[in-house]
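Here is how the chains run, residue by residue.
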Amino acid sequence: MRAAGDRGARTRLHRVEAEALDRAVPAGYRPDFVKPDVEGAELYDFVTGSLDHVIFKPSDFLAGGAALSRATFARTQTYPFQAFDFVAEPRSGAPPAEPA
């Protein structure tokens, strides 16, 4: 197959079933780790909104630095990339996010 931007590119459609995690695990079960398949602003909004966590670049987290604002998180996702991995922790007790 060719890359999507190439002329004559072919694509394949794969249908998959999706199910809410709340329905897939027993009631009351609380996983220790969840790896959502989301990226960019969608990931930031999910982690900071739905999970009520703050996000750090690993180096900032280890140095006790500020959490990433949404704007700064977006910049890490643009070339030249600043990070590919991130650390999240519950909002309570975390240093405040840096200004946008």
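Attention in this report is confined to the structure presented alongside it. Keep in mind that what you see is a predicted model, and the values were worked out from it rather than measured.

Looking now at the packing of aromatic side chains. One pass over the full model with this rule turns up 5 aromatic pairs. Relative to phenylalanine 61, the ring of phenylalanine 56 lies with its centre 5.4 Å away and its plane at 65 degrees, an arrangement referred to as edge-to-face. Given the relative accessible area of 32%, phenylalanine 61 is considered partly exposed. Ring geometry for phenylalanine 73 against phenylalanine 86: centres 4.9 Å apart, planes inclined by 50 degrees, an arrangement best described as tilted. With phenylalanine 73 in helix 4 (residues 70-76) and phenylalanine 86 in the loop between helix 4 and strand 2 (87-90), this residue pair connects regions lying 13 residues apart in the sequence. Taken together, the aromatic side chains of Tyr44, Phe73 and Phe86 make up a single cluster linked through ring pairs.

Grouped together as the largest cluster of nonpolar side chains are 6 residues: Leu43, Tyr44, Val47, Ile55, Leu68 and Phe73. The greatest single-element share of this core, amounting to 3 residues, is contributed by helix 2 (residues 40-50). Setting aside chain neighbours within four positions, we find valine 47 in contact with Asp52, His53, Ile55 and Ala88.

Further remarks concern helix 2. For helix 2, the full list of buried residues reads Gly40, Leu43, Tyr44, Val47 and Thr48. Along the long axis of helix 2, the arc covered by the buried residues comes to 105 degrees, so they all point the same way. Exposed residues on helix 2 whose side chains face more than 90 degrees from its buried face are Glu42 and Ser50. The inward-facing, buried residues of helix 2 abut strand 1 (53-56), helix 4 and strand 2. Aspartate 52 lies just past helix 2 and shows a positive phi near 55 degrees.

Calculation rules
All chains use their own residue numbering, which begins from 1 and follows the written sequence. Where totals are concerned, whole chains, interfaces and linings use all residues; where local detail is concerned, this predicted model gives features only for residues with pLDDT of at least 70, and gives and counts side-chain atom pairs only at 80 or more. Heavy atoms from the whole structure form the basis of all side-chain values; hydrogens and water molecules are not counted. In summary, the pairing rule links any two rings of Phe, Tyr or Trp, Trp by its six-membered ring, whose centres are within 6.5 Å, and it sorts them by plane angle into stacked for under 30 degrees, edge-to-face for over 60 and tilted for everything else. The cut-offs for exposure are 20% and 50% of the maximum accessible area for each residue type, with area from a 1.4 Å probe on protein chains only; residues under the lower value are buried, those over the upper are exposed, and the others partly exposed. Helix and strand labels come from DSSP, where a helix needs a run of H or I of at least four residues and a strand needs a run of E of at least two; each type is numbered from the N terminus. In these notes, a set of buried Ala, Val, Leu, Ile, Met, Phe, Trp, Tyr and Cys residues joined through side-chain atoms within 4.5 Å is what counts as a nonpolar core. In what follows, a contact means two residues having at least one pair of non-hydrogen atoms within 4.5 Å. It is the directions from the helix axis to the C-beta atoms whose arc is reported.

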